[in-house]
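Take a look at the letters that make up each chain.
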Amino acid sequence: MRCPFCNHEELKVTDSRNALEVNGIRRRRECLKCARRFTTFETVELTIQVRKRDGRYEDFQEQKLINGIEAASRHTSISYEQTRALAAKITSDLMERQVQAREISTTEIGEIVMKYLKTMDTIAYIRFACVYRRFKDLGELMEAIKSINPKDRIDIEEDRQDVLSLHTVEE
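Rules of the game
- Residues numbered from 1 in each chain as written.
- Predicted model: local features only at pLDDT ≥ 70, side-chain atom pairs only at ≥ 80, totals over all residues.
- Heavy atoms only, no water.
- 1 Å grid on protein atoms, 1.4 Å probe; cavity = no way out; pocket = protein on both sides within 12 Å on 5 of 7 lines; lining within 4 Å.
- Points joined across faces, edges and corners; volume = space filled by probe spheres on them.
- Helix = DSSP H or I, 4+ residues; strand = E, 2+ residues; numbered from the N terminus.
- Nonpolar A, V, L, I, M, F, W, Y, C, P; charged D, E, K, R; others polar.
- Pairing = 2+ DSSP bridges.
- Axes fitted to C-alpha atoms, helices over the stretch in contact; angles between N-to-C directions.
- Parallel < 35°, antiparallel > 145°, perpendicular 65-115°, else oblique.
- Left-handed = near helix turned anticlockwise from the far one by under 90°.
- Contact = heavy atoms within 4.5 Å.

**Student:** Looking at this model, I keep getting lost on the layout of surface pockets. Mind explaining?
**Tutor:** In this approach the atoms are scanned with a rolling probe the size of a water molecule, which exposes any empty space left behind. Looking at the largest pocket, its volume works out to about 590 Å³. Lining the largest pocket are 24 residues, and of these Lys 52, Lys 64, Thr 106, Ile 109 and Phe 128 lie nearest its centre. At the level of secondary structure, the elements contributing two or more residues to the lining of the largest pocket comprise β5 (57-59), α1 (62-73), α3 (106-120) and α4 (122-133). With 6 residues, α1 is the largest single contributor of residues to the lining of the largest pocket. The residue makeup of the lining of the largest pocket, split by class, is 11 nonpolar, 4 polar and 9 charged.

**Student:** Teacher, can you tell me more about the sheet that holds β5 here?
**Tutor:** Pairing between sheet strands relies on hydrogen bonds along the backbone, with the strands arranged either parallel or antiparallel. One open sheet holds the 3 strands; their spatial order is β5-β4-β6, and the pairing between them is mixed. A strand with exactly one partner marks an edge of an open sheet, and here the two such strands are β5 and β6 (103-105). Taking the axes of each pair of neighbouring strands and ignoring which way they run, one obtains an average angle of 35° across the sheet.

**Student:** Teacher, can you tell me more about the packing of α1 against helix α2 (residues 80-97) here?
**Tutor:** Axes are the key here: two packed helices are described by the angle between their axes and the distance separating the axes. Taken N-terminus to C-terminus, the directions of α1 and α2 make an angle of 140°; their axes are 9 Å apart at the nearest point. Comparing the axis directions of α1 and α2 gives the class oblique. For the pair α1 and α2, the crossing hand works out as right-handed. In this structure, α1 uses Glu 62, Gln 63, Leu 65, Ile 66, Ile 69, Glu 70 and Ser 73 to contact α2, whose residues at the interface are Tyr 80, Thr 83, Arg 84, Leu 86, Ala 87, Ala 88, Ile 90 and Thr 91. Split by residue class, the contact of α1 with α2 holds 8 nonpolar, 4 polar and 3 charged.

So this is what it looks like as structure tokens:
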């Protein structure tokens, strides 16, 4: 690595912290020649293959996960920070699983997301389920709604600290 200011190769790391929002490490570096400081992010590359419904494979992309959760959570009690934290948690769980399995189906990812959304916000869960499960008629939708158990619901205010703690990085 080179200093972005003077192109010198000798640097020292002055601080390292987890950066959960990018599933990586934030490093504060200082150039030993010009003494200027800058920040770098080292991200973990997730090498899990996602098996699509049509049989194709593609690399896992956390941004696609975030987009799906955001679409379902729009105009609900789930905040942007909680959406990012949930995606980071799911990605982290998938990285831990990577030791056992190098591939996962979109079906498994969808079930994981729905499990979390079902406990966080009923509307976000139903929205995600509608797109993910591709209901063919109103009867299937009604069955999904009836499957929601109010006892399983986590109050977002109580859960907010847990989910946000996944996202918080010391400054």
